[in-house]
Amino acid sequence: TQLLEQSPQFLSIQEGENLTVYCNSSSVFSSLQWYRQEPGEGPVLLVTVVTGGEVKKLKRLTFQFGDARKDSSLHITAAQPGDTGLYLCAVGSGAGSYQLTFGKGTKLSVIP
Amino acid sequence: NAGVTQTPKFRVLKTGQSMTLLCAQDMNHEYMYWYRQDPGMGLRLIHYSVGEGTTAKGEVPDGYNVSRLKKQNFLLGLESAAPSQTSVYFCASKEIGTTYTGELFFGEGSRLTVL
């Protein structure tokens, strides 16, 4: 059973459109992270959410942590080609939570 | 700023050959990780280390060994490479004290092909 389910798996949109991607689980988490990975590079942290219901904004990106701390969403307003990449959510797992488990990601393509 | 550096960036091996991937970080981080990334599978944790001289198994450790002899280096070894180990390998590090809420810093990846 996958700890984190991300949807959609692929998303291709036109520049200027809005979009939302999701990260869901049946488990409760103390915190959740979102990373973006561009082709040929390693993932880079976008945000960490720690409180149920928390909303964080990063320019045109809005992150929300579900009230029950089981899910999260990432909304992008007026997408730009520079937003193209793989969006990954991650949570701590295992004893001590030193391990970070990632979802399979949403691959976003923004067409100019 | 170097951050996390992986060596080599590309390598082609024949089945049965051995090799070592080197990860070096200059941020004095305690925690270090090796992940592999395959199409449709996301990032999967191979091994990790919470400090110099310590290592632990992750989700997919079989066929790999690791060593953390120095705090700044984390080595991933393949003793007898198999085609199933064809993948992109990422090293990451994290500072102590922040557990799972801390930021993972990743290297640029090492693309390994086993023929």
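Refer to the structure presented above.
Residues numbered from 1 in each chain as written. Chains lettered and ligands numbered in written order. Predicted model: local features only at pLDDT ≥ 70, side-chain atom pairs only at ≥ 80, totals over all residues. Heavy atoms only, no water.

Participant: Help me understand the layout of surface pockets in this model?
Facilitator: Empty space among the atoms becomes visible once a probe the size of a water molecule is rolled across them. Considering only enclosed or pocket space, the largest pocket measures out at about 750 Å³ in volume. Lining the largest pocket are 33 residues; nearest its centre among them are Q37(A), L86(A), K107(A), Q37(B) and R111(B). Of all elements in the fold, only β9 (85-93) and β11 (106-111) of chain A together with β4 (31-38), β9 (87-94) and β11 (110-114) of chain B reach the threshold of two or more residues within the lining of the largest pocket. Looking at the lining of the largest pocket, its residues break down into ten nonpolar, 15 polar and eight charged. (1 Å grid on protein atoms, 1.4 Å probe; cavity = no way out; pocket = protein on both sides within 12 Å on 5 of 7 lines; lining within 4 Å. Points joined across faces, edges and corners; volume = space filled by probe spheres on them. Helix = DSSP H or I, 4+ residues; strand = E, 2+ residues; numbered from the N terminus. Nonpolar A, V, L, I, M, F, W, Y, C, P; charged D, E, K, R; others polar.)

Participant: Before we go on, may I ask you to explain the state of the cysteines in this structure?
Facilitator: Two cysteines, two sulfur atoms, one covalent bond between them: this is a disulfide. As enumerated under the stated definition, the model contains two disulfides over all chains in all. Each disulfide pairs two cysteine sulfurs, and for C23(A) the partner residue is C89(A), the sulfurs being separated by 2.0 Å. Judged by the torsion about the S-S bond (75°), the C23(A)/C89(A) disulfide is right-handed. Of this pair, C23(A) sits in strand β3 (residues 19-24) while C89(A) is found in strand β9, placing the two residues 66 residues apart along the sequence. Judged by its relative accessible area of 0%, C89(A) falls in the buried class. One disulfide bridge connects C23(B) with C91(B), the sulfur atoms lying 1.9 Å from each other. As the torsion about the S-S bond is roughly -75°, the C23(B)-C91(B) disulfide counts as left-handed. (Disulfide = S-S within 2.5 Å. Buried < 20%, exposed > 50% of the residue type's maximum accessible area, 1.4 Å probe, protein only.)

Participant: Help me out: how do you make sense of the interface of chain B and chain A in this one?
Facilitator: Often the size quoted for an interface is simply the accessible area lost on bringing the parts together. Listed per partner, the contact involves 24 residues of chain B and 23 residues of chain A. Carbon and sulfur atoms make up 59% of the area that chain B and chain A hide from each other, which totals about 1,900 Å². Counting every contact that joins chain B to chain A gives zero salt bridges. The tally of links between chain B and chain A comes to four residue pairs in polar contact (both at pLDDT 80 or more). Breaking the side of chain B that touches chain A down by element, the ones donating at least two residues are β4, β5 (42-51) and β9 of chain B. If you tally residues by element for the side of chain B that touches chain A, the top one is β5(B), at five residues. In terms of residue class, the side of chain B that touches chain A is made up of twelve nonpolar, eight polar and four charged. (Contact = heavy atoms within 4.5 Å. Buried area = accessible area lost by both parts, 1.4 Å probe. Salt bridge = Lys/Arg side-chain N within 4 Å of Asp/Glu carboxyl O. Polar contact = N/O pair within 3.5 Å; in protein donor to acceptor, adjacent residues only side chain to side chain.)

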